[in-house]
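Chain and residue survey
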Amino acid sequence: MNLRPVKKCTRCLRLAVLFLFFLIMTVPAGNTQTLRQLADRHGIFYGAAVGSAFWGADSLYKETLKRECNIIVAENVMKFGLIEPRQNQFNWTRADDLVSFALKNNMKIRGHNLVWHSQSEWASKVNGSRDELIAIMRNHILAVAGRYKGKIYEWDVVNEAIDDGNGFLRDTFWKQRIGDDYIDLAFRFAHEADPEALLFYNDYSGEDMGAKSDKIYKLVSGMKQRGIPIHGVGLQCHFTFGKFPKAEDIDKNIKRLAALGLNVSVTELDIRMQLPADSAKLDEQGREYQALMTVLLNNPACKSFLTWGITDKYSWIPQFFKGYGAGLPIDEKYQPKPGYAGLKTALQEKTQDRK
Ligand code: XIL
């Protein structure tokens, strides 16, 4: 009796079972489409900030980025003090790695950021004249935005320049040494370095209607009037569970910015909660993720939606907000949370083509 065909069949069966197992392990539970695929369908960019784990041994980190994101942003390595650690000495290695990873995997890149009061070490200590500080800023912007010219989709040119108190502009070393026009200058230099990149002003706590978003609106509408090359506003969206703004107020704010001819991106979303998390809080967080994605999808001016990290395992939250965490749509074990499901529902429910 010839047993060979049966043997062959058993081997086929084994292979098929193995393949099925592989599929189940690589696709998030309960669904076949990833956020990246759904975002692609709508012509929007969904992604996350990429932190130091990128260079570590955690292979799931890059796999998850590739599967879920069609845009990424550096959590730190493009910031002033990291990419130019000493005056006119640039450390490109990590930023270059990230850029080539994104391009290789067909992802867009957000550049974060060119001018900020924080993580700018040596520059903040230069006690120079207006002209000296302008030269430092220009040299930095031309070098960094120039190196990645044509590769960055959106640049955060100036980050967090609005005052949280009663003032208008935050009293940063840039403002003190250069004057209020440092923001206009930064955008002009960025445009000179990379005329194709979309140039953004990025800030926190200005997502809905209120005093801070009024000031952001005032800043960017002034820039538009002066002919400054600004193309968008980044809403950081570092929210706290229980204080999620009303979706209709975020929508209103986006619409007034869009009426100026600006794009609006969700740039650093997370919704932190007091630990331990529980299923009721995570479910509510899921609804908040869904609500924000729905607002974005209903506004053609919104093209990018990024969370500040891809997994709770490496989020900045526990380090910066004691006792808080669980802010992202994917947990420490790389399992999708209700936030992930919420984003997905919003993307699936939107049937009207945005492309
Ligand atoms: C944070 C990073 O996540 C941390 O790793 C770093 O130590 C400090 O900066 N708003 C911003 C981001 O624009 O650049 C900040 O990122 C989070 C708040």
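Everything that follows concerns the structure shown earlier in this document.
Described below are features of the structure shown in this document. None of the values given here were measured: they were computed from a predicted structure.

A look at the overall build of the protein chain
- A count of helical and extended segments in the protein chain gives 14 helices and ten strands.
- Taking 20 Å as the expected radius of gyration for a compact globule of 355 residues, we find that the protein chain reaches 22 Å, a close match to that expectation.
- Each of the three principal axes of the protein chain carries a C-alpha extent, and together these read 95 × 45 × 40 Å.
- Considering the protein chain as a whole, with its 355 residues, one finds that 53% of them fall into the buried category.

With respect to the pairing of strand S3 (residues 108–115)
- For S3, the buried fraction is high: seven of the eight residues fall into the buried class.
- Here S3 runs beside strand S4 (residues 154–159); their pairing, made up of four bridges, is parallel. Among the inter-strand pairings, Arg110 is bridged to a residue of S4, identified as Glu154.

Re the site of the ligand
- Near the ligand, the surroundings consist of 14 residues, among which Glu75, Lys79, His112, Glu268 and Trp308 are the closest.
- One of the side-chain nitrogen or oxygen atoms of Glu75 is found 2.5 Å away from an oxygen atom of the ligand.
- The side chain of Gln119 places a nitrogen or oxygen atom 3.3 Å from an oxygen atom of the ligand.
- In isolation the ligand has 420 Å² of accessible area, and contact with the protein removes 85% of it.
- Partitioned by chemical class, the residues of the shell around the ligand number four nonpolar, six polar and four charged.

Details of the pairing of strand S8 (residues 263–274)
- Across the twelve residues that make up S8, a large majority, eleven, are buried.
- Across three bridges, the pairing between strand S7 (residues 238–240) and S8 is parallel. Bridge assignment links Thr240 to a residue of S8, and that residue is Arg272.
- One crossover worth recording links S7 to the parallel S8 by way of helix H11 (residues 247–258), and it is right-handed.
- With respect to chirality, the unit in which S8 leads through helix H12 (residues 279–297) into the neighbouring parallel strand S9 (residues 304–307) is right-handed.
- In terms of strand pairing, S8 meets strand S10 (residues 324–325) through two bridges, oriented antiparallel. Pairing of Met273 across the sheet is with Gly325, part of S10.

Here is what the cut-offs are and how they apply
Residues numbered from 1 in each chain as written. Predicted model: local features only at pLDDT ≥ 70, side-chain atom pairs only at ≥ 80, totals over all residues. Heavy atoms only, no water. Helix = DSSP H or I, 4+ residues; strand = E, 2+ residues; numbered from the N terminus. Rg over C-alpha atoms; globule rule 2.2 N^0.38 Å. Buried < 20%, exposed > 50% of the residue type's maximum accessible area, 1.4 Å probe, protein only. Pairing = 2+ DSSP bridges. Near = heavy atom within 4 Å. Polar contact = N/O pair within 3.5 Å; in protein donor to acceptor, adjacent residues only side chain to side chain. Areas by Shrake-Rupley, 256 points an atom, 1.4 Å probe, with all protein chains shown as cover. Nonpolar A, V, L, I, M, F, W, Y, C, P; charged D, E, K, R; others polar. Right-handed = clockwise from strand over helix to strand, strands pointing away.

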